[in-house]
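Architecture and fold: a report
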Amino acid sequence: MSLPSLRLKANADRRLRAGHLWVYSNEIDVAATPLHGFAAGDQALLEAAGGKPLGVVALSPNNLICARLLSRDVKHVLDKSLLVHRLNVALSLRERLFDKPCYRLVYGDSDLLPGLVVDRFFDILVVQLASATMERHKDEVLAALIQVLKPSGILLKNDSAARDAEGLERYVETAYGQVPEWVALEENGVKFEAPVIEGQKTGWFYDHRMNRARLAPYVEGKRVLDLFSYIGGWGVQAAAFGASEVFCVDASGFALDGVERNAALNGVAERVSCVEGDVFAALKELKAAEERFDVVIADPPAFIKRKKDLKNGEAAYRRLNEQAMRLLGKDGILVSASCSMHLPEDDLQNILLTSARHLDRNIQLLERGAQGPDHPVHPAIAETRYIKSLTCRLLPNS
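These numbers come from a predicted model, not from an experiment.

1. Some words on the overall build of the chain
Secondary structure summary: the chain contains eleven helices and 19 strands in total. For the chain, whose C-alpha radius of gyration is 23 Å, the value lies close to the compact-globule estimate of 21 Å for 398 residues. Taking the principal axes of its C-alpha atoms as reference, the chain extends roughly 70 × 45 × 35 Å. Counting the 398 residues in the chain, one finds 54% classified as buried. Considering only contacts within the chain whose residues lie at least 6 apart along the sequence, 63% involve residues at least 24 apart. Counting 49 positive and 52 negative side-chain charges, the chain places the averaged centre of each group 5 Å from the other.

2. Here we look at the packing of helix α10 (residues 310-326) against helix α11 (residues 345-358)
With their axes 9 Å apart at the nearest point, α10 and α11 run at an angle of 45° to one another. With respect to α11, the axis of α10 lies oblique. Crossing geometry of α10 relative to α11 is assigned as right-handed. Between α10 and α11, the contacting residues are Glu-314, Tyr-317, Arg-318, Asn-321, Glu-322, Met-325 and Arg-326 on the first element and Asp-347, Leu-348, Ile-351, Leu-352, Thr-354, Ser-355, Ala-356 and His-358 on the second. A class-by-class count of the residues in the contact of α10 with α11 yields six nonpolar, four polar and five charged.

3. Here's the deal with helix α2 (residues 80-97)
Taking 1.5 Å per residue, 18 residues should reach 26 Å; α2 reaches 26 Å between its end C-alpha atoms and fits that length. Among the residues of α2, those classed as buried are Leu-82, Leu-83, Val-84, Arg-86, Leu-87, Ala-90, Leu-91 and Arg-94. For α2, the elements touching its buried residues are β5 (65-71), β6 (102-107), β7 (116-121) and α4 (138-149). The opening residue of α2 is Asp-79, an N-cap whose side-chain oxygen sits 3.2 Å from the backbone nitrogen of Ser-81.

4. Considering empty space enclosed by the protein
Counting across every chain of the model gives one cavity of 30 Å³ or more. Its boundaries defined by the atoms lining it, the largest cavity holds a volume of some 60 Å³. Considering the residues around the largest cavity, the lining is formed by Asn-211, Arg-214, Leu-215, Tyr-218, Trp-234, Val-335, Glu-367, Arg-368, Gly-369, Ser-389 and Thr-391. Counting only elements with at least two residues in the lining of the largest cavity, the list comes to β18 (361-369) and β19 (388-396). At three residues, the largest contribution of residues to the lining of the largest cavity is made by β18. In the lining of the largest cavity, the residues fall into four nonpolar, four polar and three charged.

5. Here's the deal with the pattern of salt bridges
By the definition in use, this model includes 26 salt bridges. Between Arg-209 and Asp-374 there is a salt bridge, and its shortest N-O distance comes to 3.7 Å. With a gap of 165 residues between them, Arg-209 in helix α5 (residues 209-213) and Asp-374 in the loop between β18 and β19 connect regions that are remote in the sequence. In this structure Arg-209 comes out as buried when scored by relative accessible area, which is 5%. With its nearest N and O atoms 2.6 Å apart, the salt bridge here joins Arg-393 to Asp-331. Pair noted here: Arg-393 is in strand β19 and Asp-331 is in strand β17 (residues 328-338), with a separation of 62 residues, a long-range link. Judged by its relative accessible area of 27%, Arg-393 is partly exposed. The class of Asp-331 is partly exposed, set by a relative accessible area of 43%.

6. Points about the nonpolar core
Phe-121 and Val-219 are the most contacted members of the largest nonpolar core, which has 38 residues in total. The greatest single-element share of this core, amounting to four residues, is contributed by helix α8 (residues 253-265). If we ignore the near neighbours within four places in the chain, the residues touching Phe-121 are Pro-101, Val-126, Val-183, Ala-184, Leu-185, Ala-194, Val-196, Thr-202, Trp-204 and Tyr-206. Listed in part, the 32 residues of the second largest apolar core include Leu-113, Leu-116, Leu-145 and Tyr-171.

Thresholds applied
- Residues numbered from 1 in each chain as written.
- Predicted model: local features only at pLDDT ≥ 70, side-chain atom pairs only at ≥ 80, totals over all residues.
- Heavy atoms only, no water.
- Helix = DSSP H or I, 4+ residues; strand = E, 2+ residues; numbered from the N terminus.
- Rg over C-alpha atoms; globule rule 2.2 N^0.38 Å.
- Buried < 20%, exposed > 50% of the residue type's maximum accessible area, 1.4 Å probe, protein only.
- Contact = heavy atoms within 4.5 Å.
- Lys, Arg positive; Asp, Glu negative; His and termini not counted.
- Charge placed at Lys NZ, Arg CZ, Asp CG, Glu CD.
- Axes fitted to C-alpha atoms, helices over the stretch in contact; angles between N-to-C directions.
- Parallel < 35°, antiparallel > 145°, perpendicular 65-115°, else oblique.
- Left-handed = near helix turned anticlockwise from the far one by under 90°.
- Nonpolar A, V, L, I, M, F, W, Y, C, P; charged D, E, K, R; others polar.
- Expected span 1.5 Å × (residues − 1).
- Polar contact = N/O pair within 3.5 Å; in protein donor to acceptor, adjacent residues only side chain to side chain.
- 1 Å grid on protein atoms, 1.4 Å probe; cavity = no way out; pocket = protein on both sides within 12 Å on 5 of 7 lines; lining within 4 Å.
- Points joined across faces, edges and corners; volume = space filled by probe spheres on them.
- Salt bridge = Lys/Arg side-chain N within 4 Å of Asp/Glu carboxyl O.
- Core = buried A, V, L, I, M, F, W, Y, C linked by side-chain atoms within 4.5 Å.

What follows is the structure in structure tokens.
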């Protein structure tokens, strides 16, 4: 394949040579290679200002991030061959880490496949194509996945907002084989079924796997409250790890049906109760009823989706964690999580400290958690690191 050139301005190659994978529109020498000469989804040969080739990029010419590096070897364009190679490299890591084929197989830029996410549920794959380049190469993506993994079904879950910026329509469709509404998975020895078609994102959140595994010593024989429970990733595992009682709170009745389904699947239904409604309202009602818990898990959706949401989002995290702390017993454990990329871990830690002091409680930070290794962080791209999980102990101020 003969590719057109995309030329950088002088010195704009420094960040890429240092390891970054993104090119911004203001770094392009538009006099030499106008961006309007490209269409979303095109591939190009990226060149330094002097003409030296730097690699092959996927283009989104109308966006601030106008190109993403696919390969530093100019011979390797995005095609089925490269996809098979990248998938095998990604698979070798996951197979080394996990004893069951349930994990995030592809995590976009971190696996050198920008715009592609693949979650594996045994022999079912759920795929998200977030870029015009991946959408254009959809058939090759599917063919590569079938060759490498031999799945029984592939679902294209292309309904994310990320597609809007690429000018792509949203859709959900079974692209290969058969995909049931609920698919099986196993995490930390606990069995689940996830609603991949109607559920959030790909149907499941593998990113907190390691943090949920750490629950075990904290919850055995304890009373647990799981806020924003979704289908029970935290709460059902807490029950499976020996919690005496678990309350799962979520605004979605559909999600709580999943909690009940998964609790029954693990034989812990009698120890798991569901509370449907707004989480903040439920927290007030539990406080008014003088309920107390040994462990509270607060894993909300992203309160800070854009930088401009930072102030309001930080206020929401403080409100949530302070109300959660009010429900803890005198030697209680709070697991406070955030999936907001724009909220640094140190800021979440400060929110917890401020909340504890406002309640006249002492706080000990016991464990720090991040996303699991099937969501590898690219060291040059801060945006690939987004999960925070802080396990804290709240003590009386005495």
